[in-house]
Amino acid sequence: MFSFFKKKDTTSKHTGPVIPDFSFLGVDMHSHLVPAIDDGAQTMEDSIHFIENLYNLGFKKIITTPHIHGEMYDNDTNKVRRYFQPLKDYVAQHLPDMSIDVSAEYFLDTYFLGDVLPKGLMTFGKNQVLVEASMAGWNRQFNDIMFAVQANGYNPILAHPERYLYETDMKVFETLKGKGVSLQLNLLSILGYYGKSIKINAEKILQLGLYDYCGTDLHHERHLTQIKSIPEEHQDIMQLLNEYTFRNKDL
Ligand SMILES: [Fe+2]
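Residues numbered from 1 in each chain as written. Predicted model: local features only at pLDDT ≥ 70, side-chain atom pairs only at ≥ 80, totals over all residues. Heavy atoms only, no water.

A.B. asks: Mind showing me how you'd approach the overall build of the protein here?
C.D. replies: Assigned secondary structure in the protein consists of nine helices and nine strands. Since a compact globule built from 251 residues should have a radius of gyration of about 18 Å, the 18 Å found for the protein is in line with a globular shape. By principal-axis analysis of the C-alpha atoms, the protein measures approximately 50 × 45 × 30 Å. A buried classification covers 52% of the 251 residues belonging to the protein. Nonlocal contacts in the protein, meaning residues at least 24 apart in sequence, comprise 79% of its contacts between residues at least 6 apart. A total accessible area of about 11,600 Å² is found for the protein, and carbon and sulfur atoms account for 49% of it. Between the mean site of the 24 positive side-chain charges and the mean site of the 32 negative ones, the protein shows a separation of 6 Å. (Helix = DSSP H or I, 4+ residues; strand = E, 2+ residues; numbered from the N terminus. Rg over C-alpha atoms; globule rule 2.2 N^0.38 Å. Buried < 20%, exposed > 50% of the residue type's maximum accessible area, 1.4 Å probe, protein only. Contact = heavy atoms within 4.5 Å. Areas by Shrake-Rupley, 256 points an atom, 1.4 Å probe, with all protein chains shown as cover. Lys, Arg positive; Asp, Glu negative; His and termini not counted. Charge placed at Lys NZ, Arg CZ, Asp CG, Glu CD.)

Pasting the structure below:
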């Protein structure tokens, strides 16, 4: 069924030591660390705790991405920037070796198309934006919305395609890539945190070489504990990730 996979030479053994942290990524471009704005960190103390832990895990740059999702959160650019500013000030003062910026994880629906996109999006890197699809099924207008994002000059990165379990044909993601949409893997997916099917999807997309970026999608302490367990307890996953070329450092 998946004969189009780029097969890896499974007989080859990793020769060098596996890098013991996520410094090979360097940049985390998907997290929910702006306090009290979505289902991520709820207090400044929590945010700072998460940032310090990410720093210790080898991330020296964070582009944090609160949800902008019409039905779920009353967020817009002004509010996100206002809530983010104290965090930016704290990091500048106390963690001079760390850089932090804010963008958003935009939920692609008709609200986004009508109310969010026309007002302008928060970008990072090369006019890039992180976007997510529904977990329940493709929006009927998904392709049109994605096209509108690109037609407005943005370069979309689709968050965690492996989590859209309704999509069993990985060629769909290949097609999206062909249309200029980048793809982002969640660390927690490849770990198996969201379940076996999502882990398998992540492995398939990784094998196909379709991912461009890898992010933590860190929301809370349980996520952090799991992410920290990867370098400590999952050498196989660290090796898999080490062998793949992610483009996080370009951001
Ligand atoms: Fe997210």
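Here the narrative resumes.
A.B. asks: Before we go on, may I ask you to explain the packing of aromatic side chains in this structure?
C.D. replies: Centre distance and the angle of the planes are the two values used to describe a pair of aromatic rings. Counted by the stated rule, this structure contains ten aromatic pairs. Each ring, one from Trp 138 and one from Tyr 164, has its centre 5.9 Å from the other, and the planes form 55 degrees; the classification is tilted. Placement of the pair is Trp 138 in the loop between strand 6 (128-132) and helix 4 (142-151) and Tyr 164 in the loop between strand 7 (155-159) and helix 5 (171-178), with a sequence separation of 26 residues. For Tyr 164, a relative accessible area of 0% corresponds to the buried category. (Phe/Tyr/Trp six-rings, centres within 6.5 Å; stacked < 30°, edge-to-face > 60°.)

A.B. asks: Explain the confidence of the model for the protein to me, please; I cannot follow it from the model alone.
C.D. replies: Interpretation of the predicted coordinates at a detailed level should be avoided for regions scoring low in pLDDT. In this model, the protein carries a mean pLDDT of 93, and residues with pLDDT of at least 70 account for 93%. Predicted confidence is poor over residues 1-14, with pLDDT under 50, and the contacts of this stretch with residues over four places away or in other chains come to 14 contacts. (pLDDT = per-residue confidence, 0-100.)

A.B. asks: I would appreciate a short explanation of the side chain of Thr 65 in the present structure.
C.D. replies: Here Thr 65 is to be found in the loop between strand 2 (61-64) and strand 3 (67-68). Leaving out residues up to four positions away in the same chain, Thr 65 has contacts with Met 29, His 30, Ser 31, His 32, Ser 103, Ala 104, Glu 105 and Leu 130.

A.B. asks: Quick question: what am I supposed to make of the coordination of the iron ion here?
C.D. replies: Ideal geometry at a metal gives 109.5 degrees between four tetrahedral donors and either 90 or 180 degrees between six octahedral ones. Every protein donor of the iron ion is accounted for by His 30 (NE2), His 32 (NE2), Glu 105 (OE) and Asp 217 (OD), and the metal-donor separations fall at 2.0 to 2.3 Å. If you list the donors of the iron ion from N- to C-terminus, the spacing comes out as H-x1-H-x72-E-x111-D. Taken together, the residues span a long stretch of sequence, with His 30 in the loop between strand 1 (27-28) and helix 1 (44-56) and Asp 217 in the loop between strand 9 (213-215) and helix 8 (221-233) at a distance of 187 residues. (Donors = N, O, S within 2.8 Å, 3.2 Å for Na, K, Ca; no water.)

A.B. asks: I would appreciate a short explanation of the sheet that holds strand 1 in the present structure.
C.D. replies: Across the sheet, three strands lie side by side as 1-2-4; this open sheet has parallel pairing. Since the sheet does not close on itself, it has two edges, and those belong to strand 1 and strand 4 (99-102), each with one partner. Each of strand 2 and strand 4 touches helix 2 (residues 77-94); the most contacted strand, strand 4, lies at about 175 degrees to it. (Pairing = 2+ DSSP bridges. Axes fitted to C-alpha atoms, helices over the stretch in contact; angles between N-to-C directions.)

A.B. asks: Explain the pattern of salt bridges here, please?
C.D. replies: In the structure shown here, the tally under the stated rule is four salt bridges. We note a salt bridge from Asp 217 to Arg 163, for which the minimum N-O separation is 3.9 Å. Taken as a pair, Asp 217 in the loop between strand 9 and helix 8 and Arg 163 in the loop between strand 7 and helix 5 lie far apart in primary sequence, 54 residues in all. With relative accessibility at 2%, the residue Asp 217 sits in the buried group. If you follow the salt bridges from partner to partner, you end up with Lys 177, Asp 212 and Arg 247 in one network. (Salt bridge = Lys/Arg side-chain N within 4 Å of Asp/Glu carboxyl O.)

A.B. asks: I'm lost on the sheet that holds strand 5 (residues 105-107) in this one. Help?
C.D. replies: Adjacent strands of a sheet pair through backbone hydrogen bonds, lying either parallel or antiparallel. Spatially, six strands are ordered 3-5-6-7-8-9 in an open sheet, and the strand pairing comes out parallel. Only two strands of the sheet have a single neighbouring strand rather than two, namely strand 3 and strand 9. Sheet analysis places strand 6 next to strand 7, joined by four bridges and oriented parallel. Its bridge partner being in strand 7, Leu 130 is matched across the sheet by Ile 157.

A.B. asks: I keep staring at the packing of helix 1 against helix 8 and nothing clicks. Help me out?
C.D. replies: Between helix 1 and helix 8, the shortest axis-to-axis distance is 11 Å and the interhelical angle comes to 10 degrees. In terms of orientation, helix 1 and helix 8 fall into the roughly parallel class. Here His 49, Phe 50 and Asn 53 of helix 1 lie close against helix 8, whose contacting residues are Glu 221, Leu 224 and Lys 228. (Parallel < 35°, antiparallel > 145°, perpendicular 65-115°, else oblique.)

A.B. asks: Looking at this structure, I do not really get the environment of Gly 195. What am I missing?
C.D. replies: Mapped onto the elements, Gly 195 comes out in the loop between helix 6 (187-191) and helix 7 (196-207). Since its relative accessible area comes to 27%, Gly 195 is described here as partly exposed. Along the sequence, Gly 195 and Arg 163 sit 32 residues apart, while their C-alpha atoms lie 9.6 Å from each other.

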